[in-house]
Every structure is written in structure tokens, then in C-alpha cells.
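Structural description and commentary
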Amino acid sequence: MNKRVGIPGGLYFYKFYPLWESFFNELGMEAVTSIPSCRKILDDGVNASNDEACLPVKMYHGHVIHLKDRVDMLFIPRLTSISKNEYICPKIGGLPDMIRHAIKNLPPVIDVEINLRDKEKSILEAVYKIARISGISKNKAKSAYSKALSDYRAFREKVKRGVLPTDILEKKIYPLPSKRIDTYKVLLLGHQYNIYDAGMNMNIIKKLKNKGVEVVTIDMSSSGELREYASTLNKKMFWNFGTLAIGMINKCIRENNIDGIVYVMTFGCGIDSFVCSMAERRIRKFSEIPFTVITLDEHTGEAGVDTRIEAFTDMISWRRADENNFSAPG
Amino acid sequence: MKITFPHLGNTYICVKPLLDELNIDCIIPPFNNREALELGTRHAPECCCLPLKINIGNYLQAYKKGADTILMAGGCGPCRFGYYCELQREILEDMGIDMKIIVLEAPYGNVWELVRRIVKLTGAFNLPKIIWAFKNASRIAISVDKLEKLCFKIRPRELNKGETDGVYKKFRTEALSVKGFRGMEKHIAKTFDELNSIKMNKSIEPLKIGIVGEIYTTVDSNTNFNIEARLGNLGIQVDRSVTVSGWIVEHMIKKALPLPRDMEFAKAAYPYLGAMIGGHARETVGNTVLYAKNNYDGIIQIYPLTCMPEIVAESILPAVEKDYDIPVMTLIIDEMTGEAGYMTRVEAFADLLESRRNKNTGQKAGFDLTLRSGNI
């Protein structure tokens, strides 16, 4: 029987699941993921993890608890850096250690370090390490990785054409309510695990779409383009997300084709606290794009999120209605 | 050009003579105080960490005194400190405060940029003089830390309570007006003599607590409500491995010139935390293990709210606590921390350690206050 590898459905799941799934399947193992985030997962996670950790990390603990007895191995990579000269987040870098000390009776954990900060080729070292752990030859692992990479690139291409990653991962599409004249585009900004995890952000994407909003995210632009836009920064940001987010903001300000920006952050996220403040300063200074911040934590009430989204979308549509309403000259 | 710099514990004692020797005018902001924190809280983003808020307060208070340029250190992540310079620049700019920021770092290994910044600061690039100045400054930092550690030893043993605090406080205040390396060295030597002449009860075997955590909140006594002095006055000997001189020598100089660093803490932390994740998380875990091996009675971890690396460390520490049977308490500081609640926890922890030791040594359990000289 094939070995079952569990890939918890949190954090970088929304960015890399197609890559990881294809890689393990190519290696002859079965990639298994947890159920979508829900109250049960969150409660388990909150009980197991450190009080001070942020919501996505707590949610991840819940996903691990859900998976641990259903699989032969768990894949919890130590993601130190996924791009040159950039880091992700200390908490994600220390994730395997946090999980191991918070949750008892874990199956074997594949916790290879993925650190592309100094050279991007070091991804192969991680691939070989996984091969060694699961007793597979180097060559097979290498070819599995290149197959997985091409699958991942196909996924990225689809996203760049404007399909939301969640629609691809869940294999279903929320269509926009048709025949609405005043649809507009809103940039949903935030870490992938905050904006795509419907169980965590109270289904923000669906709520926006029901209001006739076309949701745009960072993933729909190529990272090369965004880095170019972010190069106006005085000092390069050393967080992968931060660079892309500031690049996206600069792009929206330059192209001026976005009707509103919603920043989804979680309480206690160190990176968001800086990036959100810098993004807001830029938007307010250089543009008139409406901007709002929604902060999530484990106590967030759904009604509050609904109210804020409604108020925001109403404001955009009123603004659009009034912009065409010029007073008569003279 | 009038330079100022943010406070970090006793850093001013080595930075001021450094700037004096390089003929740079400097204005030291008032010691960290409530007003600085309130100013910072008002202007900084809500969720950013405490040191950034206090830094902003330092700058604004120094600006009032006439400073126009800020000198600070940089970093390359993933801890937020490395991006302080940029966010702070934008905050000051948006407030309409006209202050330049000079960041002493070589961004992404660009040494020429560092040279350019030093030229901007000193007006010329006199390499031998700069090396000489930095060497002396690190020497002063090291002796200030030695002095601090001597205080940790004397406090629980002194006969006249409060004598060490008096000498130490006088040392810090007078250091503000001392000029140059020679002057500062004399000042430090004089203080060493004063400390060594304090009468002690050498027969006391005090409880020992190791302090670990994020560097700013552990090193800066004005931010952590003077925890070291207060524990000392409760009759407890404290130690802290993360120091200003350690940060300057190990973190900045040795990292810039690829020299081998003292990585004992990393070895000790390895079974628990397998990689560098930024900030001082690895130091926190490693030093906790080392203190436990050196028979310390307890550990206090201090960090500012939302500090990312320390959250990881905190969630690992229970494992160390269990493996080495050593109590660990975590104190989190932010602008809302009340002194009374904070001190109640510290005192309760001290009581716990004492009754634990009495139990282990077979003495009667309970609070035998005679053992703790500080209470009399």
C-alpha cells in the first residue's frame, strides 16, 4: 500500500499545495490533506498552541491534529526562505519545532529546511533530503520534483489569468452574480493563508463576490513585475510577502484600475503590522483609492466582518454614482 | 549636524564617547520614560512591537532638544528590527518632523554604501581612526557589562540595602556628561572601586534566576521595570547572557567581518530549535538550557507583545522546563503593562522558587523569610 503523507491545510498550503501534492504523488506516495478550516479545527488549534501565536499558526495546529492519526507521515517543512535575499516569518521558520512541542503522538514528520535565501538551487538539497527520509533514489526524486514544478507552473499560469487559487484547489467556482452592471474590482491584500482560507476569514471572498465585486489578489501578478514596482523602496524589504505587497500597491496606484483595497491582517502578525502601515501610507498619500483593514483573530465575530464589508462596498458604489453627478456649470 | 540615537540599556555609555572622539555633536534623548512611550504609541502602528514605539518617543524627545539626525543599526531580517529604519523614517516624515536617519549597515553586503554612510557621518573616511574608535567603544561596552554583572552579584549580598542601586544610578546619570574614551574609562574604573567597597554578607547563598528573552526588553532596565535590581533587592542573584557588548561584538562586528562566533547557545538549543529563525529565539532557548545545566533555580523570559521569534521560543520552553525540571515564567511587556501586576507575578515566582528550594534541601516548606535577606 502506498504511504500516506499528510499536508496540513494551512499556511503555505494555498501557495504550494499543487507543487507538494504532485511531488509526493510522483514519488509514489499518497498526498492527503485535512478538511477545510472550521470551528472544530480552530478550537483544537487554539487549545494546543501557544496563546501568543497568531491565528493562522493556531489554525495550522488544528489541521495537524486533524491529520495526525490518518496518515503515515506529516509534511511540515521549515520554510525559512522561498526567494533570494528574502525571508518568510520567524514563526513559520520555527513551525516544526512549535508543532512538535505542542502536539503529542505525532507520526514521523518530514521537516526539511527550505532556505533559498542565499542560492535558489538549494531547493534540490531539500528534495534529496525528502528522498532520503522516504527511502527513494535521488534521481527519482529529482524527476518527481521537475514534474511537480511544471504542474505548479501550470497552476500559477491559471492564477495569473485571474482564477482564484481556492477555486482551483476546491475544484469549484463561485460565479459572479450575472447581469449586474456595477461590478467593480477590489484588491484583497494579505498573506495567502489569510485571504484564501474561508474558514478563517469568514468567507470574505464569497461575501465580496455576492456584492458584485471582482476579487483581485497579489498572486494574479507575476512576482517579477511586482518586484520591479517594489524597487522604489528605500531599503529592500526582506520579507517575501512585504516586497510583493508593496509592489502590488505601487502597481495599483500607477495603473489606477482598482476600485478599492481590503487588507486582511491577523492580530499579532509582525509582518502585517509593518506592511499594512507602509501600504496605507502610500495609498493615502499617492492615490484616492478607498482602503480598509480587517483584523482577524480567534474572537472575530462574523456580523462585524459582514458590516464592514457591506459598508465598504456601499461606499465604493456611492462614490462611483456621485462621481458622474457633476453639478451644472454656471 | 546634531546626532541622536535610540536608547538600548547602557548603549549610550559606549556610543557617546565614540561620537565624541569622532568630533560629532550628539544629543542623548532622556532615559526611556512614560512620555516617550506615549508619544511613540500615538504615532506608531498599533500592532508593531514596543521597542519601535519607544524609539519614536526617543527621537521626538531628542528632536525637541535640537537633534536633526538619527544614528541607528540595521539588519536583514526576518525579525522586524531590520526594517525599523524605514518605517520610522516614514512615520517621522508623515508627522512633518525633519530628521535624517543614518543606518549603520552594509545593505545586502554592499560595503561601499556603508563607507558612504560613514563619510556622511564623520565627514571623512579615516579608516585607522574609525577602527580605533570602534575597538575602544566595544571595549567600553564590555566593561560596562562587567560592571552590570558585578551589580547583579553584590545586590543580594549587600549589608546596607540600596547601596548598589545608588552607585549604579549615579554611574548612569554621570555618564551622560563624561567626554571621550579616557574620561569614560576613568568613570567606569571609579565605579568599580565604589562597588567593590560595598560591604557584603558573603555567607549568603542566594537563589539564582537567569533572564532570557528579546534583547531590548531584557537589556533596557527602564522598559522592564528594573527587574534585575528588584530581583536583586529581593535577595536573588540574576544573570543575563544577552548583553549590549555581546550584541555589538558577536552580532554586528563578527558578522560583518566573517569571524567565528561564540555559538555555545546554538548547540544547546539545537535539540529544541533546529535553525536560526531571527531575533534572539535561539539565544533564549539555548541560554535556558545552559542556565538549567548550571543549576539555576528559575528562568524569567521577557519579550514585547507580538515579538515573532520569542513566541516560537515561548512555545518551546515548556519542553525545556520539563526536561531539566526548572521553572520558567514568561513576562510580556507592552504599553498597557501595569507595574503592580507585573511585580506581583515576579514576587510570586520568587516565592515559588524559594519554597521549591526549601523542599529540595529538606528544610521546612513555606516562606522562611530569614533566608531572603532582601525582606528585612
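Keep in mind that this is a model prediction, so the values were computed, not measured.

When you go through chain B residue by residue, the secondary structure sums to 15 helices and seven strands. Taken over the C-alpha trace, chain B has a radius of gyration of 21 Å; the compact-globule value for 376 residues is 21 Å, and the two agree within 12%. Taking the principal axes of the C-alpha coordinates as reference, chain B spans close to 65 × 45 × 40 Å. Across the 376 residues that make up chain B, the buried fraction comes to 58%. Restricting to contacts in chain B with at least 6 residues of sequence separation, those with at least 24 account for 72%. Accessible surface, chain B: about 16,100 Å² in total, of which carbon and sulfur atoms supply 56%. Side chains of chain B carry 47 positive and 45 negative charges; the gap between the two charge centres is 5 Å.

Time to look at a nonpolar patch on the surface. Taken together, Val119, Phe125, Leu127 and Ile131 of chain B make up a surface patch of nonpolar side chains, about 320 Å² in accessible area. For Ile131 of chain B, the location among the structural elements is in helix H6 (residues 127–154).

To continue, consider the sheet that holds strand E5 (residues 236–240) of chain B. Residue and element names in this part refer to chain B. Judged by pairing direction, the sheet is parallel, and its four strands sit side by side in the order E5-E4-E6-E7 without closing on themselves. Two strands in the sheet have a free side with no partner beyond their single neighbour: E5 and strand E7 (328–333). Pairs of neighbouring strands in the sheet enclose a mean axial angle of 25°, with direction left out of account. Sitting on the sheet, helix H14 (residues 308–324) touches strand E4 (207–213), strand E6 (298–304) and E7, and the angle it makes with E6 is about 165°.

What follows covers the sheet that holds strand E8 (residues 213–216) of chain A. Residue and element names in this part refer to chain A. If you walk across this open sheet you meet the four strands as E8-E7-E9-E10, and the pairing is parallel. The sheet terminates laterally at E8 and strand E10 (291–296), the two strands that pair on one side only. Sheet twist, expressed as the mean angle between neighbouring strand axes with direction ignored, is 25°. As paired elements, strand E7 (residues 184–189) and strand E9 (residues 260–266) share four bridges and run parallel to each other. Bridge pairing in E9 places Leu188 opposite Val262. Across the sheet, helix H13 (residues 270–286) lies against E9 and E10, angled at about 165° from E9, the strand it touches most.

Bringing the packing of helix H6 (residues 123–133) of chain A against helix H7 (residues 138–160) of chain A into the picture now. Residues and elements named next belong to chain A. Relative orientation of the contacting elements H6 and H7 amounts to 125°, with a least axis distance of 9 Å. In terms of their interaxial angle, H6 and H7 are classed as oblique. Considering how the two elements wind past one another, H6 and H7 form a crossing that is right-handed. Contact residues: H6 offers Ile123, Leu124, Val127, Tyr128 and Ala131, while H7 offers Lys138, Ala141, Lys142 and Tyr145. Of the residues that constitute the contact of H6 with H7, the class distribution is seven nonpolar, no polar and two charged.

This part covers the domain arrangement of chain B. Residue and element names in this part refer to chain B. Annotation of chain B at the domain level lists domain 1 (2–133) and domain 2 (204–375). Averaged C-alpha coordinates put domain 1 and domain 2 at centres separated by 28 Å. Listed as interface residues are 24 residues of domain 1 and, on the opposing side, 26 residues of domain 2. At the boundary of domain 1 with domain 2, the tally comes to one salt bridge. Linking Glu335 and Lys53 is a salt bridge whose minimum nitrogen-to-oxygen distance equals 3.0 Å. Applying the counting criterion to the domain 1 and domain 2 interface returns seven residue pairs in polar contact (both at pLDDT 80 or more). Counting residues per element, the ones that place at least two in the side of domain 1 that touches domain 2 are helix H1 (11–21), helix H2 (34–43) and helix H3 (50–64). No other element matches H3, which puts six residues into the side of domain 1 that touches domain 2.

Each value, and the rule that gives it
The numbering scheme is per chain: residues are counted from 1 as the chain's sequence reads. Whichever chain is written first becomes A and whichever ligand is written first becomes 1, with later ones labelled in order. Under the rules for a predicted model, residues below a pLDDT of 70 receive no local features and side-chain atom pairs below 80 are neither given nor counted, while totals for whole chains, interfaces and linings still include all residues. Neither water nor hydrogens contribute to the side-chain values; these are computed over all heavy atoms in the structure. Strands here mean DSSP runs of E at least two residues long; helices mean DSSP runs of H or I at least four residues long; both are numbered from the N terminus. Two things to know: the radius of gyration comes from C-alpha atoms, and the globule rule equals 2.2 Å times the number of residues to the power 0.38. Exposure classes here rest on a 1.4 Å probe applied to the protein chains alone. A residue is buried below 20% of its type maximum, exposed above 50%, and partly exposed in between. The contact criterion used throughout is that any non-hydrogen atoms of two residues lie within 4.5 Å. Areas reported as accessible are Shrake-Rupley estimates using a 1.4 Å probe. Residue values count occlusion only from the protein chains shown. Positive charges come from Lys and Arg alone, negative charges from Asp and Glu alone, with His and the N- and C-terminal ends not counted. Where a charge lies is defined by one atom per residue type, namely NZ (Lys), CZ (Arg), CG (Asp) and CD (Glu). For patches, a residue must show more than 30% relative accessible area and have no salt bridge; joins then use 9 Å for like charges and 5 Å for nonpolar side chains, namely Val, Leu, Ile, Met, Phe, Trp and Tyr. Salt-bridge detection follows one rule: a side-chain nitrogen of Lys or Arg within 4 Å of a carboxyl oxygen of Asp or Glu. Pairs of strands are assigned from DSSP output, requiring at least two bridges between the strands. In this analysis an axis means a line fitted to C-alpha atoms, helices contributing only their contacting stretch, and an angle means the value between N-to-C directions, from 0 to 180 degrees. Each angle receives one of four descriptions, namely roughly parallel if under 35 degrees, roughly antiparallel if over 145, roughly perpendicular if within 65 to 115, and oblique otherwise. In this scheme the crossing of two helices becomes right-handed for a clockwise turn of the near helix relative to the far one and left-handed for an anticlockwise turn of less than a right angle. Following the grouping adopted for this structure description, the nonpolar residues are Ala, Val, Leu, Ile, Met, Phe, Trp, Tyr, Cys and Pro, the charged ones are Asp, Glu, Lys and Arg, and the polar ones are all others, Gly among them. The start and end points of each domain follow an automatic or database-based domain assignment. A 3.5 Å cut-off defines polar contacts: any pair of N or O atoms within that distance qualifies, except that in protein one atom must be a possible hydrogen donor and the other a possible acceptor, and neighbouring residues in sequence count only when both atoms are side-chain atoms.

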